[in-house]
Amino acid sequence: MSERNLERLGMAAGAIAWLAVGVPVLLEQLLGSGDIINGPAWVWWLAYLGYLVAFMLADADRLPGWLTPHWLLGAQTVLGGIVYAMTLGFGWTAVLLVVTAVTAAYVLDTRGTMALVAAQTAFIAVASLFAGADALNIFLSVVVYGSFQAFSVLVVWSELREAEARASLAEANAQLRAATVLLDESSRVTERLRIARDLHDLIGHQLTALALELEVASHRSSSPASEHVSRARRIAKELLSDVRSAVGELREPTPGLRSALEAVVADLPHPEIHLHVPAHVEADEERTMALVRCVQEIVTNAVRHADADHLWIRLAATEGGGTRLEARDDGRGVAALRPGNGLTGIRERIEQLGGEVAFEVGPGRGFLVVAEVPAP
């Protein structure tokens, strides 16, 4: 499960916990004595509803710059404390403090989260003490809700570490596959060049010498032997031409762009990659290597930063015989793009080939890369 899906599941669980706090209080007010809330009821309901707003905004994609996750967490902490303090008779309202601890596990570092859990646990003890609870009830409340908070935080941390480990593994896998593709292609090119040199240096030179000897023999021989010598000289020249043609083809290999990219994105667990490369789209060795590296960086970016569920990669031939690369994910996006080493590397590789690249990004709109390289 990705970090994004984990957050969605946590939001759903938190909303259910929020309802579990408010519904019994509402029923008690409507059907019971109505004095369960210590103080003005409108204050309690305002804090209760405000808690839900702060909790739901924590997962929003577009927020004002000042409304940071830390501010929303602070609002949850204060509002959850008010809800609990005004309904001490209903002890399960402390469930909201557990939800706040879970939110803190996503927003704060380890020390900050532990400090918040300790502060909320101490608040439970102090509020119960001022409400006149006996020592046993205070002890039980502290132990129960303190352990609930600690357990929830540990579960979130465990899931986050597992998601991070999966992302790191997927990133390393993409890099390894790209390196393997490049190494295999380099090995094939090296072997083809060696064979081409051997054909040229050994067979080519021998055939050239043979053709020259037959040329001399054709002038010194008389009929009918001269006819056979001339035929042999013609065959030697044709064979030499075939060898030279084969050497030329070996020196200009045509790498498989589609197969190379399929190898890079194969078997990645997350995100799901949709690769579309028509059979007629091909590129020379230099452009194939550059596109392989660009796709590897795009996959790495989607795994490391985008927290995307899907990544679409499409290649197409341009009118001038070049190649167009378009990649789009459904990740969270960012408000402002700050290119790191990966995106800078993509731009440098494309521009080195005389092409152009553009990046588009926005909160909640994923990430788009469009690159075009001209024909050689």
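What counts and how
Residues numbered from 1 in each chain as written. Predicted model: local features only at pLDDT ≥ 70, side-chain atom pairs only at ≥ 80, totals over all residues. Heavy atoms only, no water. Helix = DSSP H or I, 4+ residues; strand = E, 2+ residues; numbered from the N terminus. Buried < 20%, exposed > 50% of the residue type's maximum accessible area, 1.4 Å probe, protein only. Contact = heavy atoms within 4.5 Å. Areas by Shrake-Rupley, 256 points an atom, 1.4 Å probe, with all protein chains shown as cover. Expected span 1.5 Å × (residues − 1). Salt bridge = Lys/Arg side-chain N within 4 Å of Asp/Glu carboxyl O. Axes fitted to C-alpha atoms, helices over the stretch in contact; angles between N-to-C directions. Parallel < 35°, antiparallel > 145°, perpendicular 65-115°, else oblique. Left-handed = near helix turned anticlockwise from the far one by under 90°. Nonpolar A, V, L, I, M, F, W, Y, C, P; charged D, E, K, R; others polar. Patch = residues over 30% accessible without salt bridge, like charges linked within 9 Å, V, L, I, M, F, W, Y side chains within 5 Å. Phe/Tyr/Trp six-rings, centres within 6.5 Å; stacked < 30°, edge-to-face > 60°. Lys NZ or Arg CZ within 6 Å of the ring centre and 35° of its normal. Pairing = 2+ DSSP bridges.

**Q** Run through the overall build of the chain, naming residues and quoting values.
**A** Within the chain, the regular secondary structure consists of 10 helices and 5 strands. Within the chain, the proportion of its 376 residues that are buried is 38%. Sequence separation of 24 or more characterises 70% of the internal contacts of the chain that already satisfy a separation of 6 or more. Only carbon and sulfur atoms are counted for the fraction: they give 60% of the accessible area of the chain, which is about 20,700 Å².

**Q** Requested: an account of helix H4 (residues 95-107), with residues and values cited.
**A** An ideal rise of 1.5 Å per residue puts 18 Å on 13 residues; H4 measures up with 19 Å between its terminal C-alpha atoms. Where H4 is concerned, the buried positions are Leu 96, Leu 97, Val 98, Val 99, Thr 100, Ala 101, Thr 103, Ala 104 and Ala 105.

**Q** Could you give me a rundown of the pattern of salt bridges, with the residues and numbers involved?
**A** All chains considered together, the criterion is met by 3 salt bridges. Linking Arg 347 and Glu 351 is a salt bridge whose minimum nitrogen-to-oxygen distance equals 3.9 Å. Within this pair, Arg 347 and its partner Glu 351 are both found in helix H10 (residues 341-352), separated by 4 residues, close to a single helical turn. Judged by its relative accessible area of 31%, Arg 347 is partly exposed. When its relative accessible area of 45% is taken as the criterion, Glu 351 is described as partly exposed. When salt bridges with common partners are traced through the structure, they connect Arg 324, Glu 326 and Glu 372 into a single cluster.

**Q** Before we move on, could you go through the packing of H4 against helix H5 (residues 110-130) and cite the residues and values that matter?
**A** For the pair H4 and H5, the least separation of the axes is 9 Å and the interaxial angle reads 170 degrees. Accordingly, the angle class assigned to the pair H4 and H5 is roughly antiparallel. The element H4 and its partner H5 pack so that their crossing is right-handed. Facing Leu 97, Thr 100, Ala 101, Ala 104 and Ala 105 of H4, the residues of H5 in contact are Thr 113, Leu 116, Val 117, Gln 120 and Ile 124. Classifying every residue of the contact of H4 with H5 gives 7 nonpolar, 3 polar and no charged.

**Q** I'd like a description of a nonpolar patch on the surface, backed by residues and values.
**A** A cluster of nonpolar side chains, contributed by Leu 19, Val 23, Leu 26, Leu 27, Leu 30 and Leu 31, occupies part of the molecular surface with about 610 Å² of accessible area. As for its position among the elements, Leu 26 is in helix H1 (residues 3-31).

**Q** Account for the packing of aromatic side chains, naming residues and giving values.
**A** For the coordinates displayed, the defined rule picks out 6 aromatic pairs. Measuring from ring centre to ring centre gives 4.7 Å for Trp 44 and Trp 45, while their planes differ by 85 degrees; the resulting arrangement is edge-to-face. Ring-pair connections join several aromatic residues into one group, and the members of that group are Trp 44, Trp 45 and Tyr 48. Of note, Arg 328 hangs over the ring of Trp 312, and the distance from its end group to the ring centre comes to 4.4 Å.

**Q** Give me the lowdown on the sheet that holds strand E3 (residues 323-329), citing residues and values where you can.
**A** Pairing in this open sheet of 5 strands is mixed, and the strands run E1-E2-E3-E5-E4 from one edge to the other. Looking at which strands have only one partner, the edges of the open sheet turn out to be strand E1 (272-276) and strand E4 (356-361). Averaged over neighbouring strand pairs, the angle between their axes works out to 10 degrees when direction is ignored. Where E1 meets strand E2 (residues 310-317), 5 bridges bridge the pair, whose relative direction is parallel. Bridge pairing links Glu 272 to His 310 in E2. Strand contacts of helix H8 (residues 257-265): E1 and E2, with the helix running at about 180 degrees to E1, the strand carrying the most contacts. Set on the sheet, H10 makes contact with E4 and strand E5 (367-373); between it and E4 the angle comes to about 150 degrees.

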